[in-house]
Amino acid sequence: MLRFTAERLVGMIVTMLLVSLMVFIIMELPPGDYADRYAFRKYSGTGVSVTASDIEAIRVELGLDKPMMLRYLDWIGGIVLRGDFGQAFAFETSVVKVIGDKVWLTLAILLSTLLVTYLVSIPIGILAAVRRGSAADYGLTVISYLGLALPNFLLALILLYFANKWFGADIGGLFSAEYADAPWSLGKAWDLVKHLWLPALVLAWSAVAYQIQTVRATMSDEINKLSVTAARARGVPETRLLLKYPARLAINPVVSTIGFDVNRIFSELPIVAVVLGLTELGELLLQAYLDLDMYVAGAILLLLTAVVVFMNFVSDILLAWLDPRIKLGA
Amino acid sequence: MPDQRPGPSPYGAALRLLMEPAPNTAVTAVAKPPTATAPARATRPDTRRAPAETMLKVENLSISFRTDEGLITPVQGVGFEVQAGRTLGLVGESGSGKSVTTKALMKLLPGNAAIAPETRMHYTTKAGAEVRIDTLKPGSRAARQLRGGEIGMIFQEPMASFSPVYTIGNQMMEAIRLHKAVGRKDARAIAIEMLDRVGISNPSGRIDQYPHDLSGGMRQRAMIALALSAGPRLLIADEPTTALDVTIQAQVLELMRELQRDLGMGMIFITHDLGVIAQIADEIAVMYLGTIVERGPTREVIRDPKHPYTQGLLRAIPSLDHLQDRLTPVPGDIPSPTERPKGCPFHTRCAQALVGTCDRKPPEEVFPSRGHGVRCWLHDGNGRSVA
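For clarity, every value in this text was computed on a predicted model and none was experimentally measured.

This paragraph deals with the confidence of the model for chain B. Residue and element names in this part refer to chain B. Overall, the predicted model of chain B reaches an average pLDDT of 82, with 83% of residues at or above 70. The low-confidence segment residues 1-8 (pLDDT under 50) makes 21 contacts with residues lying over four places distant or belonging to another chain. Segment residues 22-49: pLDDT under 50, and 41 contacts once partners within four positions in sequence are set aside and those in other chains are kept.

As structure tokens, this is what we get:
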């Protein structure tokens with residue numbers, strides 16, 4: 001297990017380096033750079049005519065004139081050695097300051113969504129398989145198809161409407177007004193938890209529906225395995241039997257797709273964030289691209305991919321722990 | 001038997017010996033059923049001749065399933081006994097109801113199955129208590145204590161009967177601790193001892209291995225160790241040697257005989273291979289379509305089969321002495337339980353069927369000799385007997 005973990009860890013680091021290079025190349029792809037944009041912003045409408053050499057001067061000043069490979073090394077070196085993600089040109093400060101809280105809030109949304117997804121779908125999927133063919137099973141199936149069919153921004157709007165109507169509360173955003181700009185405290189953290197459930201529920205919705213079906217299908221298969229009958233024939237009590245034997249294998253496909261879920265959450269987050277008024281990275285990423293503010297965009301892309309890669313690593317380790325046969329193929 | 005041709009059996013020789021008339025055919029009348037002294041088991045201790053205690057008595061067992069095609073009854077009016085220290089061989093083709101019968105004993109039938117109210121299943125526990133298995137609730141504590149602790153079960157596929165994600169030791173210790181009041185350490189010691197007992201080398205190392213780390217024969221040995229670890233009094237072996245190659249088969253059979261002798265267990269051995277049965281069983285019950293068509297002491301049934309079906313099964317066994325002969329399979333297929341024939345269930349495939357008798361009424365059990373029962377109109381004086 002230790003060796004396996006170490007191998008995957010090394011694999012993860014190599015992947016991250018390759019990803020960072022790709023991210024950097026992608027950042028370079030849009031035509032023009034921030035020097036153009038800066039010159040246009042600063043002088044447009046002022047009547048001053050900007051020459052190519054003016055722009056070039058800005059470029060030198062921002063350090064954008066150096067060859068790409070050199071800038072990449074500077075960038076990745078700063079990140080690895082000093083935790084410095086570079087300059088956020090449009091904000092005239094460091095990237096770390098711009099991204100700051102938003103990273104943690106995005107992570108909080110991600111983790112709570114994953115938590116809701118698995119806490120809801122795994123028990124329900126297992127129950128549906130155990131009570132296969134019962135009214136509860138059919139009911140849950142219908143609900144989960146509804147979940148697959150309903151776009152989540154629509155669900156977000158519906159939930160917002162009813163939450164507002166029934167509780168009279170403004171549950172949009174991640175903080176109540178009194179905490180929005182307050183420094184971090186226990187009260188603020190609790191306030192965050194109280195606001196997180198809604199986006200978590202909305203984002204988890206379709207994944208829950210999907211994972212219920214996955215767990216139900218695998219669990220149904222596993223329940224009929226001879227090993228389960230054999231354990232029953234040894235006198236293992238039913239609940240313990242179901243949890244120890246088939247359930248452990250039934251969550252395998254869920255664990256192995258954690259990475260996909262993370263990916264999907266990141267792609268759905270911006271739309272939901274707009275509807276629910278959340279603070280997260282997606283909107284900033286889009287803005288940074290429009291501004292050609294490449295280090296901000298790069299940092300966000302890199303962080304998001306780092307999360308995906310890390311969650312895949314977690315999924316690999318969990319899978320190896322769940323099913324000892326996995327290590328054979330390592 | 002079109003769906004399960006018995007492979008060349010290493011027990012052909014033993015079977016032949018059993019089938020030939022022995023010099024002394026006198027059977028002991030004290031023990032019911034009489035024990036024949038076959039050459040293959042000459043080594044068995046004499047204690048087996050003592051009047052054995054009946055540990056399991058099944059009467060009138062009928063099991064039916066509610067299915068989409070309606071109610072089917074794969075087991076009808078089955079009765080048998082198992083004595084401590086003896087082996088009952090249940091023989092039959094697939095679909096004959098052997099496995100369902102033993103599942104009923106373990107209360108392991110699926111939810112759509114029902115045991116008929118006239119069924120009686122009496123079991124005497126290790127402590128000497130009488131248990132009516134037919135009245136136990138499947139999920140009850142009493143039923144769970146019975147499973148594993150009193151009645152152990154081993155299956156045809158050792159790989160499939162172990163969970164692949166837990167070590168052998170984990171699964172053995174779980175069974176031990178469910179049935180014996182011991183701690184982890186003691187349970188582990190018992191498990192290691194059991195593994196050693198079934199002939200697994202380096203048991204203290206093997207105990208922490210996963211089932212996929214063992215070879216096929218080792219797995220079956222481990223499976224036996226697992227089933228025996230909680231100290232059952234009765235062992236149900238559901239085709240335990242069918243999935244093994246013949247040399248391993250012989251080893252496993254030898255092991256099971258040895259363990260039975262040492263532990264004094266009763267055993268129900270399910271198989272479709274009469275060669276294996278000849279080696280291990282004291283008594284045989286031949287099942288056809290959910291009914292026991294013939295039963296009696298192994299030696300007698302094999303040497304002097306009364307029922308045409310038993311006769312057919314014996315003709316279908318390959319022998320090293322007659323390699324040039326073609327095997328004679330029992331003609332036709334076993335009917336589906338939904339189309340159970342009227343009258344004797346076997347009459348549709350029986351060459352000697354009496355028109356007007358066999359297709360009208362199911363035969364009652366008659367006893368041509370002591371302890372040797374058969375359900376066949378050919379042997380029933382009330383039918384138009386030709387025997």
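On we go from here.
Along its 38 residues, helix α9 (residues 186-223) of chain A runs just 45 Å from first to last C-alpha, ending more than 12% under the 56 Å computed at 1.5 Å per residue. At Trp205(A), α9(A) shows its maximal kink, close to 45°.

So, about the UniProt feature "transmembrane region" (unreviewed entry) in chain A. Residue and element names in this part refer to chain A. UniProt records the feature "transmembrane region" (unreviewed entry) at residues 9-27, 103-130, 142-163, 269-290 and 296-322, using the numbering of this structure. Helix and strand shares over residues 9-27 are 100% and 0% respectively, and the end C-alpha atoms of the span are 27 Å apart. End-to-end, the C-alpha atoms of residues 269-290 are 19 Å apart, and along that stretch the chain is 82% helix and 0% strand.

Bringing the pattern of salt bridges into the picture now. All names here are of chain A. Summed over the entire model, instances satisfying the criterion amount to 25 salt bridges over all chains. For Arg 82, the salt bridge identified is with Asp 84, shortest N-O distance 3.6 Å. By relative accessible area, Arg 82 is classed as exposed at 61%. On the basis of relative accessible area, Asp 84 is assigned to the partly exposed category, the value being 30%.

A few words now on the interface of chain A and chain B. Contact residues are listed per partner, giving 20 residues for chain A and 26 residues for chain B. Both faces considered, chain A and chain B share a buried interface measuring about 2100 Å² in area, 66% of it formed by carbon and sulfur atoms. The largest per-residue losses of area from chain A upon contact with chain B belong to Leu226(A), Ala233(A) and Arg234(A), which jointly make up 30% of the total buried on that side. Counting every contact that joins chain A to chain B gives two salt bridges.

With that out of the way, let us pick up the packing of aromatic side chains. For the structure on display, the rule yields ten aromatic pairs over all chains. Counting every residue linked through ring pairs, the aromatic cluster contains Phe24(A), Tyr72(A) and Trp75(A). Over the ring of Phe175(A) we find Lys188(A); its NZ or CZ atom is 4.7 Å from the centre of that ring. The ring of Tyr166(B) carries Lys244(A) above its face, with NZ or CZ at 4.8 Å from the centroid.

Here we come to the environment of Lys126(B). Residues and elements named next belong to chain B. Here Lys 126 shows up in the loop between β5 (120-124) and β6 (130-132). Judged by relative accessible area, which is 47%, Lys 126 ranks as partly exposed. It is 9.6 Å that separates the C-alpha atoms of Lys 126 and Leu 234, two residues lying 108 residues apart in sequence. When neighbours within four sequence positions are excluded, Lys 126 is seen to be in contact with Gly 149, Glu 150, Ala 230, Gly 231 and Arg 233. There is a polar contact of 3.0 Å between the side chain of Lys 126 and the backbone oxygen of Gly 149.

Turning our attention to the nonpolar core. Ranked by size, the top nonpolar core spans 100 residues in total, and within it Leu56(B), Phe80(B), Ile224(B), Met256(B), Ile268(B) and Phe269(B) carry the most contacts. Broken down by element, this core gets its largest block of residues, seven residues, from helix α8 (residues 216-228) of chain B. Contacts of Phe80(B), omitting those with residues within four sequence positions, involve Leu56(B), Lys57(B), Val58(B), Leu88(B), Thr101(B), Leu105(B), Ile268(B), Ile292(B) and Arg295(B). Ranked by size, the runner-up nonpolar core spans 78 residues in total, among them Tyr72(A), Leu114(A), Leu192(A) and Met294(A).

Residue and element names in this part refer to chain B. Strand order in this open sheet of eight strands is β7-β8-β9-β3-β10-β11-β13-β12, and the pairing throughout is mixed. On the outer flanks of this sheet lie β7 (151-154) and β12 (366-369), each paired with one strand and no other. For this sheet the average axis-to-axis angle between neighbouring strands, irrespective of direction, equals 20°. Here strand β3 (residues 87-91) pairs with strand β10 (residues 283-288) via four bridges, running parallel. In the sheet register, Gly 89 faces β10, and the bridge partner there is Ile 284.

Scoring rules and cut-offs
- Residues numbered from 1 in each chain as written.
- Chains lettered and ligands numbered in written order.
- Predicted model: local features only at pLDDT ≥ 70, side-chain atom pairs only at ≥ 80, totals over all residues.
- Heavy atoms only, no water.
- pLDDT = per-residue confidence, 0-100.
- Contact = heavy atoms within 4.5 Å.
- Helix = DSSP H or I, 4+ residues; strand = E, 2+ residues; numbered from the N terminus.
- Expected span 1.5 Å × (residues − 1).
- Bend = angle between axes of the 7 residues up to and from the residue.
- UniProt positions renumbered as here; feature names shortened; annotations may be inferred.
- Salt bridge = Lys/Arg side-chain N within 4 Å of Asp/Glu carboxyl O.
- Buried < 20%, exposed > 50% of the residue type's maximum accessible area, 1.4 Å probe, protein only.
- Buried area = accessible area lost by both parts, 1.4 Å probe.
- Phe/Tyr/Trp six-rings, centres within 6.5 Å; stacked < 30°, edge-to-face > 60°.
- Lys NZ or Arg CZ within 6 Å of the ring centre and 35° of its normal.
- Polar contact = N/O pair within 3.5 Å; in protein donor to acceptor, adjacent residues only side chain to side chain.
- Core = buried A, V, L, I, M, F, W, Y, C linked by side-chain atoms within 4.5 Å.
- Pairing = 2+ DSSP bridges.
- Axes fitted to C-alpha atoms, helices over the stretch in contact; angles between N-to-C directions.

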